[in-house]
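The primary structure of each chain is shown beneath.
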Amino acid sequence: MSDRDLAAETAEPFQADPHAERSRLLADLAQAYRLFGTLRWGELGDGHITCRDPLRTDHMWLLRWGVPFERANIDDLVLVAPDGIAADQDGRPALINNSAYHIHHPIHEARPDIGAVAHTHTQWGTPFSAERRMIEPINQEATCFFENHALVDEVVQVLSTDGGKRIAAALGDCRAIILANHGLLTVGASPADAVGWFVLAERVAEVQMKARDGIPISAEAARTAQEDLTEGDFGWNLFGWATHRHLPHEFA
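This section reports on the structure supplied with the text.

Criteria and cut-off values
Residues numbered from 1 in each chain as written. Predicted model: local features only at pLDDT ≥ 70, side-chain atom pairs only at ≥ 80, totals over all residues. Heavy atoms only, no water. 1 Å grid on protein atoms, 1.4 Å probe; cavity = no way out; pocket = protein on both sides within 12 Å on 5 of 7 lines; lining within 4 Å. Points joined across faces, edges and corners; volume = space filled by probe spheres on them. Nonpolar A, V, L, I, M, F, W, Y, C, P; charged D, E, K, R; others polar. Salt bridge = Lys/Arg side-chain N within 4 Å of Asp/Glu carboxyl O. Helix = DSSP H or I, 4+ residues; strand = E, 2+ residues; numbered from the N terminus. Buried < 20%, exposed > 50% of the residue type's maximum accessible area, 1.4 Å probe, protein only.

A word on empty space enclosed by the protein
Remark: the empty space left among the atoms is shown by a probe the size of a water molecule rolled over them. In total, this model carries one cavity of 30 Å³ or more according to the counting rule given. The computed volume of the largest cavity comes to approximately 40 Å³. Ile135, Phe145, His149, Ala176, Ile177, Ile178, Leu184, Leu185, Thr186 and Ala201 together form the lining of the largest cavity. Of the residues that constitute the lining of the largest cavity, the class distribution is eight nonpolar, two polar and no charged.

Looking at the pattern of salt bridges
Per the stated rule, a full pass over the model turns up 15 salt bridges. The salt bridge partner of Arg34 is Glu250, with a shortest N-O separation of 2.7 Å. Of the two residues, Arg34 is situated in helix α2 (residues 18-38) and Glu250 in the segment after α8 (234-246); the sequence distance between them amounts to 216 residues. Overall, the relative accessible area of 18% leaves Arg34 in the buried class. Where Glu147 meets Arg223, a salt bridge forms, and the shortest distance between an N and an O atom there is 2.7 Å. Here Glu147 is found in the loop between α4 (125-130) and β6 (149-152), whereas its partner Arg223 is found in helix α7 (residues 219-229), with 76 residues between them in sequence. Overall, Arg223 belongs to the partly exposed group, its relative accessible area being 41%. Here the salt bridges do not stand alone but share partners, grouping Glu12, Glu21, Arg24 and Asp28 into one network.

Below is the structure:
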């Protein structure tokens with residue numbers, strides 16, 4: 001895709017046919033993992049991106065356990081049932097990161113309006129989460145999360161879906177949540193949307209940590225900026241910019 005095509009395509013191309021939509025979503029999910037890997041996120045398997053299946057909407061797609069993020073492709077994605085049992089695309093049993101099921105399944109269940117969840121441990125998001133504080137509107141990008149993020153305490157090790165249910169309850173209808181002493185988590189309409197928001201959240205966490213004495217703008221100014229900045233398929237467009245920047249060989 002040329003730069004001109006990228007600029008012209010500003011709306012996520014959702015497909016009406018669920019089979020076509022599944023193919024599109026799985027391609028984006030694999031690319032989302034590759035983006036995480038290129039950014040050196042999830043190098044130790046510490047993170048996960050899930051996508052709701054458009055055909056079996058109580059199921060979600062996830063990267064098979066043991067696949068390095070930067071090498072993820074569509075064939076490495078497995079389908080996870082509501083009971084946590086996973087199968088590859090030929091129906092064979094598959095191993096997954098159980099924390100992904102514990103955290104993500106309750107969120108997908110509680111939020112039928114979203115299609116994807118993204119979480120990993122990052123250079124700035126995890127230190128920021130250790131301070132257990134909310135995002136302050138001290139820079140332009142931070143306003144995108146103003147009144148649209150949450151904080152949940154004591155979920156460092158999520159050993160069951162009970163922990164995931166606590167996260168889902170704290171998240172409410174927000175687009176992002178800070179998992180105290182753990183890291184960031186974002187949701188979206190699709191893998192591209194959720195990951196676009198996650199990349200932005202990591203940038204915001206960096207500013208929060210560096211500008212310790214930053215002076216917040218007013219609530220009115222923050223709402224105005226947010227409304228202007230997040231118009232349209234904002235997260236999906238952020239994902240496009242990030243993948244073109246960090247995965248240029250895929251668009252040659």
